[in-house]
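# Geometric and topological summary
Chain by chain, the residues:
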Amino acid sequence: MDLDAGWPWYLGAALLAYLLGSLPFGLLLTRAAGLGDVRQIGSGNIGATNVLRTGRKDLALATLLLDGGKGVAAVLLAWSAAGPGVALVAAVCAVVGHLWPVWLGFKGGKGVATTLGTLLALSPPVGLLCCLTWL
């Protein structure tokens, strides 16, 4: 870990990444599309697979990309601001935010897309291998 960054960077990255990870894109997109609360159907999760159960492939793809994107954004922002050690902390906290979002009573999704996003940002070859395995 990059301990030269100092604890304020770690704490700040952890908090910001958690809040970013907590954004429930599946819920926001389905509500915006007039489909109601995605947690009331299928598995009850907020992720792309459950959004797909609404029959809207476009919203499911958008959810997948946005959930992955929030993991990428958390890692890249932290890395550019304070280095790879802080980026690792941000990666974990973004996934934790998706799993247990403060905005939804700490009940979120499974974190697959967000985890893939963090892996793609931390190590693109590892991220691509994980994507291929997932597919």
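Residues numbered from 1 in each chain as written. Predicted model: local features only at pLDDT ≥ 70, side-chain atom pairs only at ≥ 80, totals over all residues. Heavy atoms only, no water.

## A short note on the overall build of the chain
- Within the chain, the secondary structure is distributed over seven helices and zero strands.
- Taking 135 residues into account, the globule formula puts the C-alpha radius of gyration at 14 Å, and the chain, at 15 Å, falls close to it.
- Once the C-alpha set of the chain is aligned to its principal axes, its extents read approximately 50 × 30 × 20 Å.
- Counting every position in the chain, which comprises 135 residues, the buried fraction comes to 42%.
- The long-range share in the chain, meaning contacts at least 24 apart out of those at least 6 apart in sequence, stands at 55%. (Helix = DSSP H or I, 4+ residues; strand = E, 2+ residues; numbered from the N terminus. Rg over C-alpha atoms; globule rule 2.2 N^0.38 Å. Buried < 20%, exposed > 50% of the residue type's maximum accessible area, 1.4 Å probe, protein only. Contact = heavy atoms within 4.5 Å.)

## Some details on the layout of surface pockets
- The space that makes up the largest pocket amounts to roughly 350 Å³.
- What lines the largest pocket is a set of 21 residues, among which Gly47, Ala48, Thr49, Asn50 and Val112 lie closest to the centre.
- Listing elements by their share of the lining of the largest pocket, those giving two or more residues are helix H3 (48–52), helix H4 (57–82) and helix H6 (112–122).
- No other element matches the five residues that H4 contributes to the lining of the largest pocket.
- A breakdown of the residues in the lining of the largest pocket according to their chemical character gives nine nonpolar, nine polar and three charged. (1 Å grid on protein atoms, 1.4 Å probe; cavity = no way out; pocket = protein on both sides within 12 Å on 5 of 7 lines; lining within 4 Å. Points joined across faces, edges and corners; volume = space filled by probe spheres on them. Nonpolar A, V, L, I, M, F, W, Y, C, P; charged D, E, K, R; others polar.)

## Digging into the nonpolar core
- Counting residues in each nonpolar core, the largest one holds 18 residues, and the members touching the most others are Ala17, Ala78, Val86, Ala90 and Cys93.
- Elements that contribute at least two residues to this core include exactly helix H1 (7–21), H4 and helix H5 (84–99).
- Looking at this core, the element that brings in the most residues is H5, giving seven residues.
- Once residues within four sequence positions are removed from consideration, Val86 is found in contact with Ala5, Trp9, Tyr10, Ala13 and Ala78.
- Formed by seven residues, the second largest nonpolar core is a distinct cluster that contains Val38, Ile46, Val51 and Leu59. (Core = buried A, V, L, I, M, F, W, Y, C linked by side-chain atoms within 4.5 Å.)

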